[in-house]
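For reference, the chains in residue letters:
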There are 2 protein chains.
Amino acid sequence: MNRRAKLKDIAEALNVSITTVSRALNNKTDINPTTKQSILAMAKELNYKPNNLALSLRKSSTLNVVGVIVPHVKHYFFSTLLEGIMNSAHEMNYFVLLGESLHSTDREKKVLDDFSEHGVSGVLIAPCKHSDFNKNVLPIIHRRTPVVVMDRMYDNYNGNFVNTNDFKGAFEAVSHLVQSGYKRIAHIASSDSWSIGHERIKGYKEGLRQHGMPIDENYLSICNFNNKEEGAEEGYRACHKLFSLKEPPDAIFSVTDDIAIGVYQYAQENNISIPNDLGVVGFSNSEISKYLNPPLSTLEQNGKKMGEMAFDFFFRALNANGQIFQKSFKPELIIRGSSVLPK
Amino acid sequence: MNRRAKLKDIAEALNVSITTVSRALNNKTDINPTTKQSILAMAKELNYKPNNLALSLRKSSTLNVVGVIVPHVKHYFFSTLLEGIMNSAHEMNYFVLLGESLHSTDREKKVLDDFSEHGVSGVLIAPCKHSDFNKNVLPIIHRRTPVVVMDRMYDNYNGNFVNTNDFKGAFEAVSHLVQSGYKRIAHIASSDSWSIGHERIKGYKEGLRQHGMPIDENYLSICNFNNKEEGAEEGYRACHKLFSLKEPPDAIFSVTDDIAIGVYQYAQENNISIPNDLGVVGFSNSEISKYLNPPLSTLEQNGKKMGEMAFDFFFRALNANGQIFQKSFKPELIIRGSSVLPK
DNA sequence: TACGTTTACGGCAACGTTAACAAGCAGCTA
DNA sequence: TAGCTGCTTGTTAACGTTGCCGTAAACGTA
């Protein structure tokens, strides 16, 4: 096979200058329609494809590449998010450069710096837990590279983002448990110090308040975890603590499905029947949830749609100078067997 | 912030030529150690970082980028594979360009062509189901770009690969079921026409043979599926068919965990007790498996290790001209509650 | 002294592309 | 007819880097 055709080849074949060829292929003005036609024809004949590497150097930015960084690809939500991003990216002829932070803010910084060095045209970031906005993200924005923050929020951040309305989700979960007839609703929460944990706690409390139920701080159990395995263990421990109270809860809104798994394990070992003795609602509709016994009620975050929109925001931000794109997805309550008392 | 320092800046600061600076920074000969020291010092002072874009053009290949393509990121096995690849890549300062084939051979081709166009230094591919080696992969190899095939095999392929020893895995699963005391072992299989399905069927039959058990083609149920949801449904259907036989099986080796979920659903609806009436063994130790009731025995494929090795193979192939790297991972049998009869 | 060899460096070209400027030419106006 | 205008094309430089070649100075050898 011959080497790839370049502008020069077309130019020589037609006895015109390289510039003229470039003009024809880039739909520039200042070109005779006849010349243009013959150039286009020749380009097709020689199967001309522009050289991305040269273009990148010329424009001093990689062409059609977005950097995407998430804490863990293997978490279901992030992999669906990624799926959405890749769908849209593929449609728009964009490449996805992928990195994982593994919930380390240092690694996150390293990956983002690498992205910059590689000259990505944009960055889509699902921040790690203690992500440092000023240190990690701000430098990218200063380079005028479009950034879209996904999934969780930075304090006082006012750029492009796509996230879940955690507050509303938690509120709905609690409302549902109340309507199902549960009276003492606990929340196994994630740290108050990051947006997801914070907003869900707020939604939980507001849910209780609006239904005229007391807020008992003993029913708020905060735990710390970074991956699924820890999640289940933490859930188990938290559940154990809740059931050591004088008056244990009769329902638990769990900040994630993984933690709910720990609750299930504790319940099974202690002969606590779900949903009869204990109602449970999780968060994120992980693939496991519907196969649990009983199937777990939870909130669907629709990672795929979020991913698609995140890419779309990036794409629009590229050409809209200064305009900011924001969207908060209301999660959808999925009611299954774990939170409905049989009549 | 100033713009990034380039060779010219260092050269002007020290009154030497650009070439000399380049030599110093690239550990070339023909340079005075003293000059070299001062150049290195100045490079550090100006925080010089080579411009990848320019380098890419010069070498006409993107620097430090591998293209990775898998059928679906959201499948647990592939996401762990990806995790392994990214770990190793990150360590070696490589970027990962990600694509999904979604089990479409056309899309696979498109993504691979895009990779080539982008000038990746290597390609790691987990082929889609009906992937066309000659059309999709061969052109890349012809460009002398190192390729590592992961997870499944092409017929007569003799390049770099990393996969699961599906034959041994299936063999072990069947042996285990025999040793547990099951007598009529069925296999819900995947299509015989691709390596994974084929090898597992072979392993299943060989397992029966070596334990002196008859091979009943009625107990071999082949089904077709491309994603989890279909998997469970197909499993359910296949199970239904098996239990319509005059003499239904008392154990099922399922080609994937997803299909095993369908088996569980059928069993629950029809009051078939696992493991008492029916032993079940799955494949791939998906995250769901240990949370099923009873927990599902299965085969761990260790995607992370495979991913790490796949990248390692690529990396070594870069500099080892012609040498071929191959590794078949023996999956590890994980015995849980679904395949052991109580004494 | 004369010549070859080594050491250390600089100049130029090239990777493929595009932007800015220059320039040729036809047609039109005064 | 001189000069202006608009249309079309070509020339040059630049993006940042490295490989090739050339060469001056210092050194060694007969």
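Computed from a predicted structure; not experimentally measured.

Cut-offs and rules
- Residues numbered from 1 in each chain as written.
- Chains lettered and ligands numbered in written order.
- Predicted model: local features only at pLDDT ≥ 70, side-chain atom pairs only at ≥ 80, totals over all residues.
- Heavy atoms only, no water.
- Least-squares fit on C-alpha atoms with pLDDT ≥ 70 in both.
- Contact = heavy atoms within 4.5 Å.
- Near = heavy atom within 4 Å.
- Polar contact = N/O pair within 3.5 Å; in protein donor to acceptor, adjacent residues only side chain to side chain.
- Helix = DSSP H or I, 4+ residues; strand = E, 2+ residues; numbered from the N terminus.
- Nonpolar A, V, L, I, M, F, W, Y, C, P; charged D, E, K, R; others polar.
- Phe/Tyr/Trp six-rings, centres within 6.5 Å; stacked < 30°, edge-to-face > 60°.
- Buried < 20%, exposed > 50% of the residue type's maximum accessible area, 1.4 Å probe, protein only.
- Lys NZ or Arg CZ within 6 Å of the ring centre and 35° of its normal.
- Lys, Arg positive; Asp, Glu negative; His and termini not counted.
- Salt bridge = Lys/Arg side-chain N within 4 Å of Asp/Glu carboxyl O.

Enquirer: Which residues make up the relation of the copies chain B and chain A, and what values go with them?
Expert: Least-squares fitting of chain B to chain A yields an RMSD of 0.1 Å, with the transformation described by 0.1 Å of translation along the axis and a rotation of 180°. Such a turn and shift between the copies fits a two-fold axis. Proximity to the rotation axis, assessed at the C-alpha, singles out L97 of chain B in chain B; its C-alpha lies 2.3 Å from the axis. By residue overlap, the copies meet face to face through one surface: 100% of the interface positions of chain B are interface positions in chain A.

Enquirer: An account of the protein's contact with DNA strand C is requested, with residue identities and associated values reported.
Expert: The full set close to DNA strand C counts 25 residues, and K6 and Y48 of chain A together with S17, T20 and T35 of chain B are the nearest of them. Sugar plus phosphate, as a fraction of atoms of DNA strand C within 4 Å of the protein: 61%. At a separation of 2.7 Å, a phosphate oxygen of DNA strand C approaches a polar side-chain atom of S22 of chain A. One of the side-chain N or O atoms of K28 of chain A is found 2.6 Å from a phosphate oxygen in DNA strand C. Mapped by element, the contributors of at least two residues to the surface near DNA strand C are helix 2 (18–25) and helix 4 (52–59) of chain A together with helix 2 (18–25) and helix 4 (52–59) of chain B. Across the surface near DNA strand C, the residue classes tally to 9 nonpolar, 10 polar and 6 charged.

Enquirer: So what about the packing of aromatic side chains? Which residues, and what values?
Expert: Applying the stated rule across the entire model yields 26 aromatic pairs over all chains. The interplanar angle of 55° and the centroid separation of 4.9 Å between the aromatic rings of F133 of chain B and Y154 of chain B together place this pair among those described as tilted. Taken together, the positions of F133 of chain B in helix 7 (residues 133–142) and Y154 of chain B in the loop between strand 4 (147–151) and strand 5 (160–164) put the pair 21 residues apart, joining distant regions of the chain. The burial state of F133 of chain B is the same as that of Y154 of chain B; both residues are buried. Aromatic rings pair up to connect Y94, F311, F314 and F315 of chain A into one cluster. It is R200 of chain B that lies over the ring of F283 of chain B; its NZ or CZ is 3.5 Å from the centre. When the ring centre of F329 of chain B is taken as reference, the NZ or CZ atom of K327 of chain B above it lies at 5.3 Å.

Enquirer: Let's hear about the side chain of R336 of chain A: which residues, and what values?
Expert: All names here are of chain A. Relative to the helices and strands, R336 resides in the segment after strand 12 (332–334). Summary of buried charges: R336 has no salt-bridge partner, and the nearest side chain of opposite charge, D257, is 6.2 Å away. Only 3.3 Å separates the side chain of R336 from the side chain of S289, close enough to count as a polar contact. Within the structure, the side chain of R336 is placed 2.8 Å from the backbone oxygen of L296, a separation counted as a polar contact. Apart from residues lying up to four places away in sequence, R336 is in contact with N285, S289, K290, P295, L296, S297 and T298.

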